[in-house]
Amino acid sequence: MAEQESDLRALMRSKLEALKKRGLDPYQKYDYERTHDTSSIRSEFADVGSERSQKEITTAGRVMAVRVHGKAGFADLVDRDGKVQIYLKLDEVGQETWTTFSSLDRGDIIGVRGTIFRTKMGEITVAVKNMDVLSKALIPFPEKFHGLQDVQTRYRQRYLDLAMNDDVRKRFIDRSRMVAFMRDWLNKRDFLEVETPILQPLYGGALARPFVTHHNYLDMDLYLRIAPELYHKRCIVGNLEKVYEIGKNFRNEDIDAQHYPEYTSLELYEAYVDYEDIMDLTESLLYDTAMRIVGSDKIKYGDKTLDFSRPWRRVTMHDAIKEYTGLDISSIKTVDEAKAAATKLGVKDIEDCSGMGKVVSEIFDQKAQPSLIDPTFVIDHPIEVSPLAKRKRGNPELVERFELFINGWEFANAFSELNDPEEQEQRFREQDRLRSEGDDEAHPIDMDYIRALECGLPPTGGLGIGIDRFAMILTDAPSIKEVLLFPHMKPETV
């Protein structure tokens, strides 16, 4: 196989040299003026018949098939939005152009000028009058019929994956449209897009392990942010009132079908609202986005159909546990009793949980969360695992927090934000105690953030949404790597 590929590469390079000898070096061309892409050809000439159009057009794209029949030939020309068929005849284009066309390889990029007609098979086609080779492929492209299917190759050579697989290209176009819509949705509601540091002297805003780097000039260690939350709330302290950011976060953790250490989030913060208001905003934003991208509130994902119709269900964490396990966790008063109940339910890795809140969270994560298929808000979480959220009105052991679950995965996390500096410092110090006992995901103490709270943070609601997972749902992608253009891979072995 390697020898065959080597022979094909040599042949393709010989074709390049032949082009250069004829004065047709494709790499000497700096631009090509297209009047139409494949989408505009299909729309403008939707009613074209077998008679060729009077109007001439120019278009360009990648050749994905060449079919020569005597002194005539067809090829498929592919661009971002799809493909269009082109047609050449020797006696119409002349010997030189015909020679060039006949030697094209799958993957070559060409530009053509011609008129439009519809073939007997009903396919809109460009009758070519002139053709230019704009770039020469020098590696063999896979057969179009079989496509590029090996997952490792697809991820390592995403450029080839995008060029070969229409569904992959569409997935990333839809992801881009999704993010653009969400940004526009927030802008229209008077949110300000802000940019906050990715390299931070102290990480925070979540419970996670960070990546560490070193700043040579300042001679200090910095952390890649695990969340922009604390900076956003500093913005609220500074009277910006409604802010959001769509950007990368980094968490030094495992990689699986739903987790990736470098991921994209949308975070927003709004003054003078609480988590109930943020719940309404989240439901509206994600529903409207789904309708824009998918066009329906019934979304197919794998073998399931997810029902996005509103209103979305809201349930407390305690009630979700009771519903899916039968355990009334609110009636249990000690950590040992809670651990015993969790063990009886088959909850794993419960021994290291140091408090009631962590036991409750583990029971929910393992026994209730997987059953939450349609969009569901799970509200009122244990204070122990929520160091940045306000206490629940009427129940100081809980906080005003929600997580949104779809298909058994977490998609959003939100709080009524804690704005009491003294209580926040106390919560930080409790996290610091957990850190000293070996919890490497505990939140560090950020005294500058405490100082910001001392300036006065108004009542505020905050939200984080995982963009990658939402893109998975809207594009029916089975793995998070399918919605990341260039996922990290282990080095190739030589």
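Scroll up to find the structure this text is about.
Here's what I pulled together on the structure shown here. (Residues numbered from 1 in each chain as written. Predicted model: local features only at pLDDT ≥ 70, side-chain atom pairs only at ≥ 80, totals over all residues. Heavy atoms only, no water.)

When helices and strands are counted, the protein shows 15 helices and 19 strands. Judged by the C-alpha coordinates and their principal axes, the protein covers about 90 × 50 × 50 Å. Within the protein, the fraction of its 494 residues that count as buried is 51%. The contacts in the protein between residues at least 6 apart in sequence include a share of 64% that link residues at least 24 apart. In the form shown here, the protein has an accessible surface area of approximately 24,300 Å², with 49% of it arising from carbon and sulfur atoms. Looking at the protein, you have 69 positive and 87 negative side-chain charges, and the mean spots of the two groups are 7 Å apart. (Helix = DSSP H or I, 4+ residues; strand = E, 2+ residues; numbered from the N terminus. Buried < 20%, exposed > 50% of the residue type's maximum accessible area, 1.4 Å probe, protein only. Contact = heavy atoms within 4.5 Å. Areas by Shrake-Rupley, 256 points an atom, 1.4 Å probe, with all protein chains shown as cover. Lys, Arg positive; Asp, Glu negative; His and termini not counted. Charge placed at Lys NZ, Arg CZ, Asp CG, Glu CD.)

This paragraph deals with the pairing of strand β18 (residues 409-416). Of all the eight residues making up β18, six are buried; the element is thus mostly covered by neighbouring parts of the structure. Both strand β17 (residues 395-406) and β18 contribute to a ladder of six bridges, which runs antiparallel. Opposite I406, over in β18, you have W409 as the bridge partner. Pairing between β18 and strand β19 (residues 460-466): five bridges, direction antiparallel. Counted as the bridge partner of A414 is L463 from β19. (Pairing = 2+ DSSP bridges.)

Our focus in this paragraph is the packing of helix α8 (residues 229-237) against helix α14 (residues 447-456). Axes are the key here: two packed helices are described by the angle between their axes and the distance separating the axes. Between α8 and α14, the least distance of the axes is 9 Å, while the angle of their chain directions is 25°. One finds that α8 runs roughly parallel with respect to α14. Both α8 and α14 take part in a crossing whose hand is left-handed. Every residue of α14 that contacts α8 at L230, K233, R234 and V237 is listed here: D448, Y449, A452, C455 and G456. (Axes fitted to C-alpha atoms, helices over the stretch in contact; angles between N-to-C directions. Parallel < 35°, antiparallel > 145°, perpendicular 65-115°, else oblique. Left-handed = near helix turned anticlockwise from the far one by under 90°.)

Before going further, it helps to examine the sheet that holds strand β3 (residues 82-89). Strands sit in the order β1-β2-β3-β5-β4 around a closed barrel of five strands; the barrel is mixed. When the angles between neighbouring strand axes are averaged without regard to direction, this sheet yields 50°. Relative to strand β2 (residues 72-79), strand β1 (residues 57-69) is paired through seven bridges, and the arrangement is antiparallel. Counted as the bridge partner of R67 is F74 from β2. Where helix α4 (residues 95-102) meets the sheet, its contacts fall on β1, β2, β3 and β5 (124-135), and the angle it forms with β2 comes to roughly 60°.

Relative to the helices and strands, V78 is located in strand β2. The buried category is assigned to V78, whose relative accessible area is 10%. Separated by 201 residues in the primary sequence, V78 and M279 place their C-alpha atoms 43 Å from one another. The contact partners of V78, leaving out residues within four places of it in the chain, are G61, R62, M64, K83 and R169.

This part takes up the pattern of salt bridges. On inspection of all chains with the given rule, the structure shows 46 salt bridges. We note a salt bridge from R314 to D280, for which the minimum N-O separation is 2.7 Å. Pair noted here: R314 is in strand β14 (residues 313-316) and D280 is in helix α9 (residues 275-293), with a separation of 34 residues, a long-range link. A salt bridge links R433 to E430, with the nearest nitrogen and oxygen atoms 2.4 Å apart. Separated by three residues within a single helix, R433 and E430 lie in helix α13 (residues 421-436), roughly one turn from each other. Connected through shared salt-bridge partners, R154, R158, D161, R171 and E482 make up one network. (Salt bridge = Lys/Arg side-chain N within 4 Å of Asp/Glu carboxyl O.)

A cluster of nonpolar side chains, Y159, L485 and F486, forms an exposed patch at the surface whose accessible area comes to about 350 Å². If you trace the backbone, L485 turns up in the segment after α15 (467-475). (Patch = residues over 30% accessible without salt bridge, like charges linked within 9 Å, V, L, I, M, F, W, Y side chains within 5 Å.)

Below, the discussion takes up the environment of Y275. Checked against the element boundaries, Y275 lands in helix α9. With a relative accessible area of 1%, Y275 lands in the buried category. As for Y275 and T334, which are separated by 59 residues in sequence, their C-alpha atoms are 29 Å apart. With sequence-adjacent residues up to four places away left out, Y275 is seen in contact with I379, D380, K392, E400, R401, F402, F415 and S416. Within the structure, Y275 has its side chain in polar contact with the side chain of D380 (distance 2.7 Å). Of note is the side chain of Y275, whose polar atom sits 3.0 Å from the side chain of K392. (Polar contact = N/O pair within 3.5 Å; in protein donor to acceptor, adjacent residues only side chain to side chain.)

With that out of the way, let us pick up the nonpolar core. Membership of the largest hydrophobic core comes to 48 residues, with the highest contact counts inside it found for M178, L266, F308, F402, L463 and I473. Element by element, the count of residues in this core is highest for α9, at nine residues. Those residues in contact with F308, other than ones at most four positions away along the chain, are Y287, A290, D297, I299, P375, I406, F470 and I473. Counting 24 residues, the second-largest nonpolar core is a separate cluster that includes I86, V93, F101 and V126. (Core = buried A, V, L, I, M, F, W, Y, C linked by side-chain atoms within 4.5 Å.)

It is worth spelling out the side chain of T59 at this point. Here T59 is to be found in strand β1. Taking the relative accessible area as the measure of exposure, T59 reaches 0% and is therefore buried.

Looking along the chain, the bond that leaves R310 and enters P311 is cis, with omega of 0°. With respect to the helices, strands and loops of the structure, P311 is situated in the loop between β13 (304-307) and β14. For Y272, which is not glycine, the phi dihedral falls at a positive 70°. Within the secondary structure layout, Y272 lies in the loop between β11 (262-271) and α9. Despite not being glycine, D349 shows a phi value in the positive range, around 55°. Classification of D349 as exposed rests on a relative accessible area of 63%.

The next thing to look at is the sheet that holds strand β8 (residues 212-215). Either a parallel or an antiparallel arrangement is found when strands of a sheet pair, and the pairing is made through backbone hydrogen bonds. Taken in spatial order, the three strands make up an open sheet running β7-β9-β8, and their pairing is antiparallel. Two strands in the sheet have a free side with no partner beyond their single neighbour: β7 (199-200) and β8.

Moving on, we come to α8. For α8, the buried fraction is high: eight of the nine residues fall into the buried class. Of all the residues in α8, the buried ones are E229, L230, H232, K233, R234, C235, I236 and V237.

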